[in-house]
Amino acid sequence: MVRKVASLVTLAIVASVLSASQVGASAQDDARVVVGGDPAPQGKFPWMVRLSMGCGGALTAPRVVLTAAHCVAGSGDKSITVLGGVTDLKAKGAHTARSVKVVRAPGFRDETHGDDWALVKLDRELGLPTLSLGRAADEKGALTIMGWGQTSEASAQQQQKLRYASVPVVSDADCAAAYRKVDVNLVKNESLCAGKKGVDTCQGDSGGPLVRQKGSSWVQVGIVSWGLGCARKGYPGVYTQVSTFRDAIRSATRKLS
Ligand code: 4AZ
C-alpha cells in the first residue's frame, strides 16, 4: 500500500506538472469518463470479482483470484474479502470468501516496474466460472475492460455497479513514447497498453482483467496496473501483460489449487 501510494503520488505529481506545463490541457480534457462504458449485464463476466481493499480480480481457478501485485500488502495478506457472482456489490446472493494465502510476483517493486500480478487463495470455492489466460496472439483488436472503479479521474467515488467498455490496443512503441514524456520508462515486454481518450480504467479498477472475446468465451490478456490519470488523450491505460507471465501464473495457480 505504501508503495502504491508512493507511486501514485509520483504519478499525481507528474500529472500536475503536466497539466501546469502543457498548453494542451483544455477544459475538455476534464470530461474523462473511465470505463467510458455501460453497466455490465448480470452474468456477462461471471469470473469477475471485487476485493475488499478496492481492487478488481478474476478467478483463475475455483479458489484462486488473479489480481495486481500492487493491490496486496505482501505474501502474508490474509485479510482480504472477495465478492463475486453479482454486478451490484449490494445485491443479495453474492458469493463471498476470504483470503487464506497471497502469492505476489517475486520481482514486484511497484506498478511501473512490471511484475504487477498476484494470486489470492480463497478459504472456499466461489462456485463461479474461471477465466483462462491469453497468449500473445490474443493481444489484438478490441479488448474489454471492466470494474467498480471511478467513472472519472476527478471523482473519487467507486461504483456500486460493475461497468465495462471496449478499448483499442495501443502499440508498445506509441505507449512507451507517451510515457517517456513524463519520465516513466515502460517495461515493454511486461506491459500491454490499451485505451483512448474518454475510455479507460481508473482508480479502483486495478487488479481487474483486460479481456478478449473468443467465440462465446473470454481470455484474459491483461491486469489493470497503472496510467497517467484516466482516459487522457495520449495516455492509455497500462496493463500487466498476461502472456509474459502465463506459465508462472498457471503454475502458481496449480500450486494453490
Ligand atoms: C489506479 O489507480 C489506476 N488509467 C488504475 C488504472 C489507471 C490509472 C490508475 C489507468 O488504480
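Caption draft 1: Quick look at the state of the cysteines. The tally for this structure, following the rule as stated, stands at 3 disulfides. In this model C55 forms its disulfide with C71; the gap between the sulfur atoms is 2.0 Å. Since a negative S-S torsion denotes a left-handed disulfide, the C55-C71 link at about -90° is left-handed. On the criterion of sequence distance, the pair formed by C55 in strand β3 (residues 55–61) and C71 in the loop between β4 (64–67) and β5 (81–84) is long-range, its members being 16 residues apart. Residue classification places C55 among the buried positions, given a relative accessible area of 3%. The class of C71 is buried, set by a relative accessible area of 2%.

Caption draft 2: Region of interest: the environment of A69. Mapped onto the fold, A69 is located in the loop between β4 and β5. As for A69 and S206, which are separated by 137 residues in sequence, their C-alpha atoms are 9.6 Å apart. Among all residues touching A69, those that are not within four sequence positions of it are R104, F108, D115, D116, W117 and A118.

Caption draft 3: How the structure looks around the site of the ligand. The local shell around the ligand holds 14 residues, among which D200, T201, Q203, S206 and G229 are the closest. A distance of 2.7 Å is found between a nitrogen atom of the ligand and a side-chain nitrogen or oxygen belonging to D200. Between the ligand and T201 there is a distance of 2.8 Å, counted from a nitrogen atom to a backbone nitrogen or oxygen. Computed on the free molecule, the ligand has an accessible area of 300 Å², of which 96% lies beneath the protein chains in the complex. Residue assignment for the shell around the ligand shows that the elements contributing at least two residues are α1 (2–21) and β13 (217–226). Counted by class, the shell around the ligand contains 5 nonpolar, 7 polar and 2 charged residues.

Here is what the cut-offs are and how they apply
- Residues numbered from 1 in each chain as written.
- Predicted model: local features only at pLDDT ≥ 70, side-chain atom pairs only at ≥ 80, totals over all residues.
- Heavy atoms only, no water.
- Disulfide = S-S within 2.5 Å.
- Helix = DSSP H or I, 4+ residues; strand = E, 2+ residues; numbered from the N terminus.
- Buried < 20%, exposed > 50% of the residue type's maximum accessible area, 1.4 Å probe, protein only.
- Contact = heavy atoms within 4.5 Å.
- Near = heavy atom within 4 Å.
- Polar contact = N/O pair within 3.5 Å; in protein donor to acceptor, adjacent residues only side chain to side chain.
- Areas by Shrake-Rupley, 256 points an atom, 1.4 Å probe, with all protein chains shown as cover.
- Nonpolar A, V, L, I, M, F, W, Y, C, P; charged D, E, K, R; others polar.

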